[in-house]
Amino acid sequence: MRPVIPYVTAALLFGLGVYGVLRRRNAVLVLMSVELMLNAVNLILITADTTVRAALPQTGQVFALFVIVIAAAEVGVGLAIVLQLYRLRATVAVDDVPLEKVDA
Amino acid sequence: MSLSPYVPIIGMFALAAGFAVMSVAIAPFLGPRRFNKAKLAAYECGIEPSPEPIGGGRVPVKFYLTAMLFIVFDIEIIFLYPWAVSFDSLGLFGFVEMLLFIGTVFIAYAYVWRRGGLDWD
Amino acid sequence: MEDLSLPKIDYAAVAPMLILFGVACVGVLFEGVLPKAARRVTQLVLALLGLVAALSVIVWQSDTRVLTAGGAVAIDGPTLFLQGAIIVLGIMALLLIGDRAMEHGGAFVAQAAITVGSEADRKQAVKEQGATEVYPLTVFAIAGMLLFVAANDLLTMFVALEVFSLPLYLLCALARRRRLLSQEAALKYFLLGAYASAFFLFGVALVYGFAGGVEFGTIHDSVTESTQSTVLLYAGLAMIAIGLLFKAAAAPFHVWTPDVYQGAPTPITGLMAACTKVAAFGGLLRVLYVGFDGVAWDYTPILGVVAVLTMLIGAVLAVTQTDIKRLLAYSSIANAGYLLVGVLALSKDGLSSTMFYLVAYGFTVIAAFGVVTLVRDADGEATHLSRWAGLGRRSPLYAGIFTFILLAFAGIPLTSGFIAKFAVFGAALDSGEAWLVVFGVVTSMLLAFPYLRVVVMMWLSEPGESTPTVSIPGGLTAAALVIGVVATLVLGVAPAPLLDLTTSAADFVR
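Residues numbered from 1 in each chain as written. Chains lettered and ligands numbered in written order. Predicted model: local features only at pLDDT ≥ 70, side-chain atom pairs only at ≥ 80, totals over all residues.

- Per an unreviewed UniProt entry, chain B is named NADH-quinone oxidoreductase subunit A, and its organism is Phytohabitans aurantiacus.
- What UniProt records for chain B under Subunit (unreviewed entry) is the sentence "NDH-1 is composed of 14 different subunits. Subunits NuoA, H, J, K, L, M, N constitute the membrane sector of the complex."
- The record held by UniProt for chain B lists under Catalytic activity (unreviewed entry) the comment "a quinone + NADH + 5 H(+)(in) = a quinol + NAD(+) + 4 H(+)(out)". (UniProt positions renumbered as here; feature names shortened; annotations may be inferred.)

- In the nomenclature of an unreviewed UniProt entry, chain A is known as NADH-quinone oxidoreductase subunit K of Phytohabitans aurantiacus.
- The UniProt entry for chain A carries the following text under Subunit (unreviewed entry): "NDH-1 is composed of 14 different subunits. Subunits NuoA, H, J, K, L, M, N constitute the membrane sector of the complex."
- Under the heading Catalytic activity (unreviewed entry), UniProt records this for chain A: "a quinone + NADH + 5 H(+)(in) = a quinol + NAD(+) + 4 H(+)(out)".

In structure tokens:
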């Protein structure tokens, strides 16, 4: 049996994440969209784990653990950077970040 | 393609929803009702409830800091699960590896603690 | 429960990475327990000692050719060479990072959490010493790069990618001057970097679905033998390439480069321009040469177009820049294009010439950013190009050094830049990629124009009121400058030893 539903769900989630990154103007929401993309990958890894003839069993599940941990670390760093910007400008809209005009 | 593998999942959903509805529904009939001021107040995550949200509904940044530290340390521990499952076959090697891993997590913890990351005020 | 066979680990072969990760952890511990005054010297010495120790292990282990840790790490010629290069360039960058002679407290902010422009911020800008967390962060980044070039499966590669990226995002946000610019650069770098690494990971998952494993050996076997549909394979490879080309700053994934290079503290920009480039191309080489060489015919034209685009965009936009750090950023993009030409030769020569180019470019670019840290006025570094006019009269020595560096970038004979370009173009010609070489030569000539414009400006203009002074460098910066300039000259005059070394190292194990 090929598990179609999880693959399609994962592709939709990933697409949703891509859409979110491209469309959202709020840095926190962009961050959440990236997390959504990573979780879509987790779903694929776990699904693929049940179907591919891997040399080692359950490798896909272990991959997912690594991805979860790295995603958490990424959120930690990301929120720190976003909070910095928030304290400064009281906004986290990414198109409100005028790099060129700022002096000193 | 057969949908039968999904039947248990749907069953699980139904059970969870049923339990939630049931808990709320039968609580008034079973529990004694003795109200006081603190019980009637709205619950606001451990802080003093206020009619006007502080700072226009914005949550103080300290919550984020603590939540972030919690998430990071919480997630690190995920690696203990596969180790616990195959503890016997991994033997001494796995044990030493885990000690090293926990050691590195503790280094980060020591840094946060010493530099005041855990102080609330 | 079935018995697990534990992976064999060749501890001597992975010792450089273990040393650096250990040093970084100890550095974090020191941050917590040492008194403030003692931190900077301790951290700097600890980091330098760690790097030197790791380098000596690499030299001692230089004949190792093994797959270890259950096939997750490959220690072979290219790995050892690139690891050595990353460490040497990392030491130079660390010297720039550690110097506090030009500016009170160094190039880094003391408390990044203090709001920019507040009273506390003005106070700390004048008084406080810079944060010392930069040293463990730098060591973490360098250790991650070592693992990245050694990674023999895609998951290890992804973990290593994050391990070296996350510290870099933070380091970008820590500039002492122009903190707004620095924080915004960090935000852009982080958001785009996280986006690109998500694509990389999606590619890994697709390739895992195709090959049933993520080791490059497994992928290689299923690429050559598999009879199933190759959609997963091509989609996966494309997405992995996006992740790697982003880190390498190749067009069209280069847009972060100028902003981040400009906003980051200059020593960190040097670290990114030299070490990240080595790591990214090391990873790309291994992916293309070891994992996916079976479909080389399919990806060469696409990556060729990417290379041409990268060279053109880098060269053309470099002409229009008015800020020295942005100019160097576009030059770095163009150089990513030349490196891609070497990669696409897909031969032993291609591999060795690319490795040579990475080292040559790394030495020169760190020296270039070293000079940028010296040209300052009351507001910090004077990076606007118009301010550099007449610098030759003010300070002939440093203007001379910078002229030499720019000539090396332009590929003038007797500099390492010439030998490096000659090597990659030669390798590409031998492999029949003449069209890439044509674009390479044309854009090189185009790119010489902005370099020469800076040279002319420095020497032939009169120094005006606004021409900044050139600070006397501290011992650390001076050391980094001397290493960079001497290496650029030596590799230009007598490149044979390093060329021999790259040739003998140019064999992947599978």
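**Topic: the overall build of chain A**
Logical step 1: Per the secondary structure count, chain A includes 3 helices and 0 strands.
Logical step 2: Overall, chain A shows an N-to-C arrangement of helices and strands of α-α-α.
Logical step 3: For chain A, the proportion of contacts with a sequence separation of at least 24, taken over those separated by at least 6, is 53%. (Helix = DSSP H or I, 4+ residues; strand = E, 2+ residues; numbered from the N terminus. Contact = placed C-beta atoms within 7 Å.)

**A short note on the UniProt feature "transmembrane region" (unreviewed entry) in chain B**
Residue and element names in this part refer to chain B.
Logical step 1: Following the UniProt record, the feature "transmembrane region" (unreviewed entry) maps to residues 6–30, 63–84 and 90–112 here.
Logical step 2: End C-alpha atoms of residues 6–30 are separated by 35 Å, and the span's content is 96% helix alongside 0% strand.
Logical step 3: Spanning residues 63–84, this segment combines 86% helix with 0% strand, and its end C-alpha atoms are found 32 Å apart.

**Structural notes on the interface of chain C and chain A**
Logical step 1: Each side of the interface is counted separately: chain C has 31 residues, and chain A has 35 residues.
Logical step 2: Broken down by secondary-structure element, the contributors of at least two residues to the side of chain C that touches chain A are helix H6 (154–172) and helix H7 (179–211) of chain C.
Logical step 3: Take the side of chain C that touches chain A: its biggest share by element is 16 residues, from H7 of chain C.

**Re the interface of chain B and chain C**
Logical step 1: Contact with chain B, which involves 12 residues of that partner, is made by 10 residues of chain C.
Logical step 2: Tallied by class, residues from the side of chain B that touches chain C come to 6 nonpolar, 3 polar and 3 charged. (Nonpolar A, V, L, I, M, F, W, Y, C, P; charged D, E, K, R; others polar.)

**So, the sheet that holds strand S4 (residues 380–381) of chain C**
All names here are of chain C.
Logical step 1: Read from one edge of the open sheet, 3 strands run S4-S3-S5, paired in antiparallel fashion. What marks the edges here is a single partner per strand, and that holds for S4 and strand S5 (469–470).
Logical step 2: Across 2 bridges, strand S3 (residues 375–377) lies against S4 in antiparallel orientation. Across the sheet, the residue bridging to Asp377 is Gly380, located in S4.
Logical step 3: Where helix H14 (residues 348–374) meets the sheet, it contacts S3, S4 and S5, and its direction lies at approximately 20° from that of S3. (Pairing = 2+ DSSP bridges. Axes fitted to C-alpha atoms, helices over the stretch in contact; angles between N-to-C directions.)

**What about the confidence of the model for chain A?**
Residue and element names in this part refer to chain A.
Logical step 1: Here chain A shows a mean pLDDT of 79. Residues at 70 or above account for 77%.
Logical step 2: Per-residue pLDDT, averaged within each element of chain A, yields its smallest value for helix H3 (residues 59–89) (83) and its largest for helix H1 (residues 4–23) (88).
Logical step 3: Contacts for the low-pLDDT stretch residues 99–104, under 50 throughout, to residues beyond four places or in other chains number 7 contacts. (pLDDT = per-residue confidence, 0-100.)

**Some details on unusual backbone geometry**
Trans peptide bonds make up most of the peptide bonds, and negative phi angles are found at most residues other than glycine.
All names here are of chain C.
Logical step 1: Backbone torsion omega between Ala251 and Pro252 reads 0°, so that peptide bond is classified as cis.
Logical step 2: Residue placement: Pro252 occurs in the loop between helix H9 (231–248) and helix H10 (256–263).
Logical step 3: Here Ala249, not a glycine, exhibits a phi torsion of approximately 60°, which is positive.
Logical step 4: Even without being glycine, Leu346 reaches a positive phi, approximately 50°.
Logical step 5: Summarising the element assignment, Leu346 is placed in the loop between helix H13 (324–343) and H14.

**Observations concerning the packing of helix H3 (residues 77–98) of chain C against helix H20 (residues 496–505) of chain C**
All names here are of chain C.
Logical step 1: Where H3 contacts H20, the two axes come as close as 8 Å, and the packing angle between them is 140°. Between H3 and H20, the angle falls in the class oblique. Taken together, the residues of H20 that come into contact with H3 (itself represented by Gly77, Pro78, Leu80 and Phe81) are Leu501, Thr502, Ser504 and Ala505.
Logical step 2: Grouping the constituent residues of the contact of H3 with H20 by class yields 5 nonpolar, 3 polar and no charged. (Parallel < 35°, antiparallel > 145°, perpendicular 65-115°, else oblique.)

**Things to note about the UniProt feature "transmembrane region" (unreviewed entry) in chain A**
Logical step 1: Look at the UniProt record and you will see "transmembrane region" (unreviewed entry) annotated at residues 6–22, 29–48 and 60–83 of chain A.
Logical step 2: Annotation note: span residues 29–48 of chain A, helix share 100%, strand share 0%, distance between end C-alpha atoms 29 Å.

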